[in-house]
Amino acid sequence: MIKVEHLVKKFGLRTAVNDVSFRVEKGTVLGFLGPNGAGKTTTIRMIAGYLPPTSGAVEVNGIDVVADPVAAQKQIGYMPENTPLYDEMTVEAFLNFLAEIRGFAGADRRRQADAIIDKCMLSSVRHQPIETLSKGYRRRTCLAQTLIHDPAVLLLDEPTEGLDPNQKQVVREMIERMAQNKIIVLSTHVLEEVEAICSRVMIISEGRLQVDSRPGDLKKRAGGYNTLTIEVVAPAAEALQAFAEIPDVAEVVSLSSGSEKQVLRLVPKDRQSLAVRAIEVASARRWLVTELRSDPGRLDDVFRQITITDDVGRKTA
Ligand SMILES: Nc1ncnc2c1ncn2[C@@H]1O[C@H](COP(=O)(O)OP(=O)(O)O)[C@@H](O)[C@H]1O
Ligand SMILES: [Mg+2]
């Protein structure tokens, strides 16, 4: 388990991480989502034991990271934004070297390195010097390095940044495969990544934890969530009035109005679903509904609502 309590990091006068607290259980893929400069990297570095906090506490599997970073790091695989690699070494030599650093010797060391090469699908490049690898293989070598001691906690800072869509997909699949028995914390500013692989998302903005949610629940916070667009064959004025009388409807807007067909937008009062009531209203009057669409909510709308500040620095939502 990861336990973070009232974590603060100040660089001079700037507060990069501002009173962040949370807990994460095994089996979780947690995504830190936030714009550049939000404090994601700083938070991850403190959990990894590479940056001492200004104040607050971090515990990984019961070990106090601040007091005993070396013991904590045995539980942790950390992939920084720019992983240092030994470019002139081959993939195989590099991973054997790291296995040795992590305390494996002889046949054990080779077995460990081979297992990781397998797991990270690096067999085809194992004899290649790291400097000759494509970006995707290079990233997988970085990931392999974090896995060599089979840590319970993986901290991955922007693991798919700069990769093409296919390479991204491979790395995401690897993360998903490893997720069951570990805690994985990754940072990203890519919303689709959160939707694709995270079971929990925290939106961080200006060093603060703004939201802690499941990705699916987050969409419900989108401004237009459950707004209903209905296309109905009905007289314009009557349709406007009938749908406006639904108790959960806050507002009806006419999007287009013909002599037969009306396209209306029904805005719910409190994000309730309106579809069933709207169909009841139409069928009671024998109006033909030709199209019905409920807004599923969009993560990027939520992200913008939460992280964009206006010109005078106020939150827009
Ligand atoms: N070593 C440092 N010295 C001074 N300021 C830093 C340092 N590291 C990060 N910062 C500042 O802290 C804030 C958060 O940065 P960071 O954690 O890298 O954000 P993110 O990873 O979300 O983009 C930024 O304003 C950044 O400039
Ligand atoms: Mg960062």
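Residue indices follow the written sequence of each chain, beginning from 1 at its first position. The lettering of chains begins at A and the numbering of ligands begins at 1, in the order of writing. Residue-level local features of this predicted model are given only where pLDDT is at least 70; pairs of side-chain atoms are given and counted only at 80 or more, and the full residue set underlies all totals for whole chains, interfaces and linings.

Regarding the overall build of the protein
Runs of H or I in DSSP of at least four residues are treated as helices and runs of E of at least two as strands, each being numbered from the N terminus. Across its full length, the protein carries 11 helices and 14 strands. Projected onto the principal axes, the alpha-carbon positions of the protein cover approximately 80 × 45 × 35 Å. Think of it as a crowd count around each C-beta: if 20 or more other C-beta atoms lie within 10 Å the residue is buried, if 12 or fewer it is exposed, and in between it is partly exposed, with C-beta placed from the backbone throughout. In the protein, which comprises 317 residues, the share counted as buried stands at 35%.

Description of the packing of helix α5 (residues 135-147) against helix α6 (residues 165-178)
Axis angles are defined between N-to-C directions and span 0 to 180 degrees, where every axis is a line fitted to C-alpha atoms and, for a helix, only to the segment in contact. Where α5 contacts α6, the two axes come as close as 9 Å, and the packing angle between them is 20°. As the angle between them shows, α5 and α6 are arranged roughly parallel. Our pair here, α5 against α6, has a crossing hand that is right-handed. Together, K135, G136, R139, R140 and L143 of α5 and Q167, V170, V171 and M174 of α6 make up the contact between the two elements. A class-by-class count of the residues in the contact of α5 with α6 yields 4 nonpolar, 2 polar and 3 charged. Orientation is classified from the angle alone, with under 35 degrees giving roughly parallel, over 145 giving roughly antiparallel, 65 to 115 giving roughly perpendicular, and any other angle giving oblique. Left-handed describes a crossing whose near helix is turned anticlockwise from the far helix by less than a right angle; the clockwise case is right-handed. Two residues qualify as a contact pair if the distance between their C-beta atoms, derived from the backbone, is within 7 Å. Residue type decides the class: Asp, Glu, Lys and Arg count as charged, Ala, Val, Leu, Ile, Met, Phe, Trp, Tyr, Cys and Pro as nonpolar, and the leftover types, Gly among them, as polar.

Points about α6
Each residue after the first adds 1.5 Å to the expected span of a helix. Counted at 1.5 Å a residue, the expected span for α6 with its 14 residues is 20 Å, and the 20 Å between its end C-alpha atoms agrees. Along α6, the positions that sit buried rather than exposed are K168, V171 and I175. Across the axial projection of α6, the buried residues extend over an arc of 70°, all falling on one side. When the buried face of α6 is taken as reference, the exposed residues oriented beyond 90 degrees from it are N166 and R177. Here, the arc refers to the directions that run from the helix axis to the C-beta atoms.

Digging into the environment of A67
Its location among the elements puts A67 in the loop between β5 (63-64) and α2 (69-73). When the 12 C-beta atoms within 10 Å are taken as the criterion, A67 is described as exposed. Along the sequence, A67 and G49 sit 18 residues apart, while their C-alpha atoms lie 9.2 Å from each other.

Points about the domain arrangement of the protein
Source of the domain bounds: an automatic or database domain assignment. Under the domain assignment used here, the protein contains domain 1 (2-219) and domain 2 (228-294). The gap between the C-alpha centroids of domain 1 and domain 2 is 48 Å.

Some thoughts on the site of ligand 1
In the neighbourhood of ligand 1, the contacting residues comprise F11, R14, A16, G34, N36, G37, A38, G39, K40, T41 and T42. Examining the composition of the shell around ligand 1, we find that 3 residues originate from one element, helix α1 (residues 40-47), more than from any other. Within the shell around ligand 1, the residues separate by chemical class into 3 nonpolar, 6 polar and 2 charged. Defining nearness, a residue is near a molecule or strand when the C-beta atom obtained from its backbone falls within 6 Å of it.

Looking at the pairing of strand β10 (residues 208-213)
Here, strands pair whenever DSSP counts at least two bridges between them. Bridge analysis of strand β9 (residues 200-205) against β10 gives 5 bridges, and the strand direction is antiparallel. Bridge pairing in β10 links M202 to D212. Linking β9 to β10, which pair antiparallel, is a turn of 2 residues; within it E206 sits at a positive phi near 50°.

Some thoughts on the packing of helix α3 (residues 91-101) against helix α4 (residues 106-119)
In the contact formed by α3 and α4, the axes pass within 9 Å of each other and the chain directions differ by 125°. One finds that α3 runs oblique with respect to α4. Of the two elements, α3 crosses α4, and the hand of that crossing is right-handed. Between α3, through E92, L95, N96, A99 and E100, and α4, the contact on the second element is made entirely by R109, R110, Q112, A113, I116 and I117.

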